[in-house]
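# Architecture and fold: a report
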Amino acid sequence: MLDALISADILRTGIEAILTLVPEARFRILEEGVVSRAVDPANVAMVSVELKKDAFDSFSATEAEVGVDVNRLYDILKMARKEDEVELVIDEGSNTLKVQFSGLRYTYTLIDPSAIRKEPKVPNLELPARITMKTDDFKKAILAGEKISDHVVLKTDENNFYIEAEGDTDQIVFSLTKAELVDFVPETARSMFSLDYLKEFVKPISRSEFVTIHLGTDYPARFEFTIADGRVKVEYLLAPRIESE
Amino acid sequence: MLDALISADILRTGIEAILTLVPEARFRILEEGVVSRAVDPANVAMVSVELKKDAFDSFSATEAEVGVDVNRLYDILKMARKEDEVELVIDEGSNTLKVQFSGLRYTYTLIDPSAIRKEPKVPNLELPARITMKTDDFKKAILAGEKISDHVVLKTDENNFYIEAEGDTDQIVFSLTKAELVDFVPETARSMFSLDYLKEFVKPISRSEFVTIHLGTDYPARFEFTIADGRVKVEYLLAPRIESE
Amino acid sequence: MLDALISADILRTGIEAILTLVPEARFRILEEGVVSRAVDPANVAMVSVELKKDAFDSFSATEAEVGVDVNRLYDILKMARKEDEVELVIDEGSNTLKVQFSGLRYTYTLIDPSAIRKEPKVPNLELPARITMKTDDFKKAILAGEKISDHVVLKTDENNFYIEAEGDTDQIVFSLTKAELVDFVPETARSMFSLDYLKEFVKPISRSEFVTIHLGTDYPARFEFTIADGRVKVEYLLAPRIESE
């Protein structure tokens, strides 16, 4: 039900994005590509990865749902070189995924998808502010915040986007003006998020040049990025933390 | 009382040199620059860092003494790129230090200097021998010594400088002839020092091309180096260990 | 009884190969070079290292057997740069090895060889299959196998060489066709080996471009490689694991 070729680099980024939240996930194989959505065990974050058909160098599939140990798969894919072409094969009626690249054939018994938590519904959220920034800036702000706190406030005013962290005796503010942002819909918004999650998002997000953040007030935020010229789309949805004061 | 601009690289080396001995330190802000001196808790070593006014790209100050968590400050400065320009601001009457670079503003509540150990007096020592060597050589000798012992002997004779370590069944001697040294005042001297301290000195010393060692017999040694074309001066004073035989 | 010059790189690889199995070893100094053979404490693997006279830049020796703490010697040699020339001196009647490079003189008290396990006899084995492959391929297969198992099967058929690992729910096969191998004597052979050993062999083997494997069925295998244009010869002999089914 699947016979596909994809660059190691692209596949790895998709798998890595899921792995930030769960070690096992359901994948839906569709005629137009492969989709996976998962929620972390604490119900704080959701990830959605779409590998469109044209993200593959060749793609032939019939509809199916399979369960994958993404942890193990990622471990194997780490061995591929960036330029390696990976072949993915799931035979009709078989219960195994074959992964092949540069002389290695990895055969993996799939997990019964019913043993994995159901795919979440993506909530329909009204998030007024939208910020598109360089992923380098995002990374810098998150890593700086982590030095002094376990959470950050993301907020906007008319002209700026701020990432703020508060320590016991110190504070870090990373700010970008409208001009320093790639794109900005400056509705007022302010929400607080756990750095435990955001720092995990940094690695896959860094594979892209830009990240777009949709932000409300005391509301979940959505982080979107694409790789491979938009053919792979990744979204994180992250619940806010309640501010104690 | 302070508004200054300095390259991240220069500031970081100064902070790093202090951090090898203490996690918190007093800084004296003077019209001609910033000075910090500290002694480690075991009273074995002293560090003195002078950032002269012209080490800064701009410098405006009135005299003051402030207490700084150098550990935390260093952690933040590690995030700056070498070429980043760091702005340091302490407002009159305020109790905070603002550190800004590339979009990040870090605001830090200063420590009451009276809560930090007093600045030591620099003893006036007669140290007859003087050795100037490449920091690469110094590093190599210290790291080699560390493989087999926890202390080294630094000694001179008429024509050579030696760094010697003694293990249970082995011995390492690193020797440089007069010709291999950058500069040499070859008075006879011989003292033993703890590698626990010397290996900590190696990292900041490596920022400079050369290090000058002033040496006596069973006496403290002074290690001097400069960075930024002499505009930052760092000195370590290290007490000798008593040789057991 | 020894006064020799050798490149740091060559000496280090020889020492490293021994260190994968034992921390101390006997070395036989001969007029035509230096030889060391050792068996690991579990009697599973044997290593043989031959540094021929012409692997040295200068070599003058009389016959002797010495005991060396290879762990400590390797630690010191790690400090040398690749291009450093290392001088090795054992004076007649003395009990020390002097190792000198770039200003460092390391003097080491030799171990009484009788305190170290006797040099093993090399068994005469009939191993029908012979596979010569790139060490990069060998490394890739071993590291992949390690992801899912603690042992691998090495086997041949008429046209291919396989390295296979079996996990609980997955399997990895690395295969090379006759054409992808450097050289191949395709007698049928199949034996299973512990990855604990093979992964240790990977590091020294990687210093060479090629490795030759001699293989039988449920029999020990021999791994041979050379460095420095054949002037240093290393052999590992590894006992098979018994397959449980």
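Just so it is clear, the structure is predicted and the values come from calculations on it, not from any experiment.

### Regarding the overall build of chain A
Looking only at helices and strands, one finds four helices and 18 strands in chain A. Its C-alpha radius of gyration of 19 Å places chain A within 12% of the 18 Å reference for a compact globule of 245 residues. Overall size of chain A, expressed as C-alpha extent along the three principal axes, is 55 × 35 × 30 Å. Taken across its 245 residues, chain A has 42% of its residues classed as buried.

### So, the interface of chain B and chain A
Each partner contributes residues to the interface: chain B has eleven residues there, and chain A has 13 residues. Every element with two or more residues in the side of chain B that touches chain A is listed here: helix 2 (70-77) and strand 9 (104-109) of chain B. For the side of chain B that touches chain A, the element with the highest residue contribution is strand 9 of chain B, accounting for six residues. A class-by-class count of the residues in the side of chain B that touches chain A yields five nonpolar, three polar and three charged. Two elements, strand 13 (residues 170-177) of chain A and strand 9 of chain B, share five bridges in a ladder whose sense is antiparallel. Within the sheet, the bridge partner assigned to Ile 172 of chain A lies in strand 9 of chain B and is Tyr 106 of chain B.

### Notes on the relation of the copies chain B and chain A
With an RMSD of 0.0 Å, the operation that places chain B on chain A is a rotation of 120 degrees combined with a shift of 0.1 Å along the axis. On the angle and the small slide along the axis, the relation comes out as a three-fold axis.

### Regarding the interface of chain A and chain C
Contact residues are listed per partner, giving eleven residues for chain A and 13 residues for chain C. Of all the secondary structure elements, the ones that give two or more residues to the side of chain A that touches chain C are helix 2 (70-77) and strand 9 (104-109) of chain A. A total of six residues in the side of chain A that touches chain C trace back to one element, the largest contributor, which is strand 9 of chain A.

### Some details on the pairing of strand 12 (residues 160-166) of chain A
Successive side chains on a regular strand alternate, one facing one side of the sheet and the next facing the other. Residue and element names in this part refer to chain A. Pairing analysis gives four bridges linking strand 11 (residues 151-156) to strand 12, with the strands arranged antiparallel. Counterpart to Leu 154 in the pairing with strand 12 is Ile 163. Hairpin connection from strand 11 to strand 12: three residues lie between these consecutive antiparallel strands. When strand 12 meets strand 13, the two strands line up antiparallel, connected through seven bridges.

### Concerning the sheet that holds strand 8 (residues 96-101) of chain B
The sheet built from nine strands is open, its strands ordered 15(A)-11(A)-12(A)-13(A)-9(B)-8(B)-7(B)-1(B)-5(B) with antiparallel pairing. For this open sheet the edge positions go to strand 15 (189-194) of chain A together with strand 5 (58-61) of chain B, each flanked by a neighbour on one side alone. Across the sheet, the mean angle separating the axes of adjacent strands is 20 degrees when strand polarity is ignored. Judged from the six bridges that link them, strand 8 of chain B and strand 9 of chain B form a sheet pairing that is antiparallel. Each residue of the ladder has a partner; that of Thr 96 of chain B, found in strand 9 of chain B, is Thr 109 of chain B.

### So, unusual backbone geometry
We note that Asn 43 of chain A has phi near 60 degrees; this positive angle belongs to a residue other than glycine. Inspection of the secondary structure puts Asn 43 of chain A in the loop between strand 3 (33-39) and strand 4 (45-52). Of note in the backbone geometry, Ser 102 of chain C takes a positive phi value of approximately 35 degrees without being a glycine. Positionally, Ser 102 of chain C belongs in the loop between strand 8 (96-101) and strand 9 (104-109).

### Let's talk about the nonpolar core
Among the nonpolar cores identified, the biggest contains 231 residues, and Ile 18 and Val 47 of chain A, Ile 18 and Val 47 of chain B together with Ile 18 and Val 47 of chain C are the most heavily contacted of them. Filtering out sequence-adjacent residues up to four positions away, Ile 18 of chain A remains in contact with Ala 25, Ser 36, Ala 38, Val 47, Val 49 and Val 70 of chain A.

### Notes on the sheet that holds strand 12 (residues 160-166) of chain C
Strands sit in the order 5(A)-1(A)-7(A)-8(A)-9(A)-13(C)-12(C)-11(C)-15(C) across an open sheet of nine strands; the sheet is antiparallel. Edge positions in the sheet fall to strand 5 (58-61) of chain A together with strand 15 (189-194) of chain C, since each of these pairs with one other strand and no more. Averaged over all pairs of adjacent strands, the angle between their axes in this sheet comes to 20 degrees, without regard to strand direction. Contacts between helix 3 (residues 135-148) of chain C and the sheet are confined to strand 9 of chain A together with strand 11 (151-156), strand 12 and strand 13 (170-177) of chain C, with strand 13 of chain C contributing the most and set at about 170 degrees to the helix.

### Some points on the packing of helix 3 (residues 135-148) of chain B against helix 4 (residues 195-205) of chain B
Residue and element names in this part refer to chain B. Close contact between helix 3 and helix 4 brings their axes to 10 Å; oriented N to C, the two are set at 150 degrees. Considering the angle they form, helix 3 stands roughly antiparallel to helix 4. Remark: the crossing between helix 3 and helix 4 carries left-handed chirality. Contact with helix 3, carried on its side by Thr 135, Phe 138, Lys 139, Ile 142, Gly 145 and Glu 146, involves Leu 195, Leu 198, Lys 199, Val 202 and Ile 205 of helix 4 and no other residues of that element. Of the residues in the contact of helix 3 with helix 4, the class split is six nonpolar, two polar and three charged.

### As for the domain arrangement of chain A
All names here are of chain A. Segmenting chain A into domains produces domain 1 (2-115) and domain 2 (129-238). The C-alpha-based centres of domain 1 and domain 2 are spaced at 27 Å. In this complex, domain 1 contributes 17 residues to the contact, which on the side of domain 2 involves 17 residues. For the side of domain 1 that touches domain 2, the elements supplying multiple residues, two or more each, are helix 1 (8-19) and strand 4.

### Quick word on helix 1 of chain A
All names here are of chain A. Under the 1.5 Å per step criterion, the end-to-end length of helix 1 is 16 Å for twelve residues, consistent within 8% with the ideal 16 Å. The element helix 1 is extensively covered by neighbouring structure, given that ten of its twelve residues are classed as buried. Where helix 1 is concerned, the buried positions are Ala 8, Ile 10, Leu 11, Arg 12, Thr 13, Gly 14, Ile 15, Ala 17, Ile 18 and Leu 19.

### Things to note about the confidence of the model for chain A
Residues at a pLDDT of 70 or more form 99% of chain A, whose mean pLDDT is 95. Model confidence for the complex: the whole-complex pTM is 0.90, and ipTM, which rates the interface, is 0.87.

### What about the environment of Arg 26 of chain B?
With respect to the secondary-structure elements, Arg 26 of chain B resides in strand 2 (residues 24-30). Excluding residues that lie within four positions of it along the chain, Arg 26 of chain B makes contacts with Ser 36, Glu 65, Gly 67, Pro 113, Ile 116 and Glu 119 of chain B.

### Thoughts on the pairing of strand 15 of chain C
Residue and element names in this part refer to chain C. Where burial is concerned, the two faces of strand 15 differ: the one with Ala 189, Ser 191 and Phe 193 is buried and the one with Arg 190, Met 192 and Ser 194 is not. As paired elements, strand 11 and strand 15 share six bridges and run antiparallel to each other. Considered in strand 15, the bridge of His 151 is made with Ser 194.

### A look at helix 2 of chain A
Regarding helix 2 of chain A, the residues found buried are Val 70, Leu 73, Ile 76 and Leu 77 of chain A. What you see down the axis of helix 2 of chain A is that its buried residues fit within an arc of 125 degrees, all on one side. Summarising the contacts, the buried residues of helix 2 of chain A are in contact with helix 1, strand 2 (24-30), strand 6 (64-69), strand 8 (96-101) and strand 9 of chain A together with helix 3 of chain C.

### With respect to the environment of Leu 176 of chain B
Structurally, the position occupied by Leu 176 of chain B is in strand 13 (residues 170-177). Classification of Leu 176 of chain B as buried rests on a count of 21 C-beta atoms within 10 Å. Between the C-alpha atom of Leu 176 of chain B and that of Asn 159 of chain B, which follows or precedes it by 17 residues, the distance is 8.6 Å. For Leu 176 of chain B, the residues in contact, after removing those within four places along its chain, are Met 133, Asp 137, Asn 160, Phe 161 and Leu 181 of chain B together with Gly 103 of chain C.

### Structural notes on the environment of His 214 of chain B
Residue and element names in this part refer to chain B. With respect to the secondary-structure elements, His 214 resides in strand 16 (residues 210-215). According to the C-beta neighbour criterion, His 214 is buried, with 21 such atoms within 10 Å. Separated by 48 residues in the primary sequence, His 214 and Glu 166 have C-alpha atoms spaced 22 Å apart. If we skip the residues at most four places from it in the chain, His 214 touches Leu 127, Arg 130, Ala 221 and Arg 222.

What counts, and where the lines are drawn
Throughout, a residue's number is its position along its own chain's written sequence, starting from 1. Note on labels: chains are lettered from A, ligands numbered from 1, in written order. Residues qualify for local features only when their pLDDT is at least 70, as the model is predicted, and side-chain atom pairs are given and counted only at 80 or more; totals for whole chains, interfaces and linings, by contrast, use all residues. Counting from the N terminus, the helices are DSSP H or I runs at least four residues long and the strands are E runs at least two residues long. Computation of the radius of gyration draws on C-alpha atoms, with the globule rule given as 2.2 Å multiplied by the number of residues to the power 0.38. Note on burial: count the other C-beta atoms lying within 10 Å of the residue's C-beta; 20 or more is buried, 12 or fewer is exposed, in between is partly exposed, and C-beta positions come from the backbone. By the criterion used throughout, residues are in contact when their C-beta atoms, derived from the backbone, lie within 7 Å. Amino acid classes used here: Ala, Val, Leu, Ile, Met, Phe, Trp, Tyr, Cys and Pro are nonpolar; Asp, Glu, Lys and Arg are charged; the rest, including Gly, are polar. Any two strands are treated as partners once DSSP identifies two or more bridges connecting them. Here the copies were fitted onto each other by least squares, based on C-alpha atoms from residues at pLDDT of at least 70 in both. Interaxial angles span 0 to 180 degrees and are taken between N-to-C directions of axes, which are lines fitted to C-alpha atoms, for helices over the stretch in contact. In plain words, the nonpolar core is the set of buried Ala, Val, Leu, Ile, Met, Phe, Trp, Tyr and Cys residues that C-beta atoms within 7 Å link up. With respect to orientation, any angle under 35 degrees is reported as roughly parallel, any angle over 145 as roughly antiparallel, any angle of 65 to 115 as roughly perpendicular, and every other angle as oblique. The hand of a helix crossing depends on one turn: near helix anticlockwise from the far one by less than a right angle means left-handed, and clockwise means right-handed. An automatic or database domain assignment supplies the residue ranges for each domain. The length a helix should cover is 1.5 Å for every residue beyond the first. The quantity known as pLDDT measures the predictor's confidence residue by residue, on a range of 0 to 100. What the arc covers is the set of directions going from the helix axis to the C-beta atoms.

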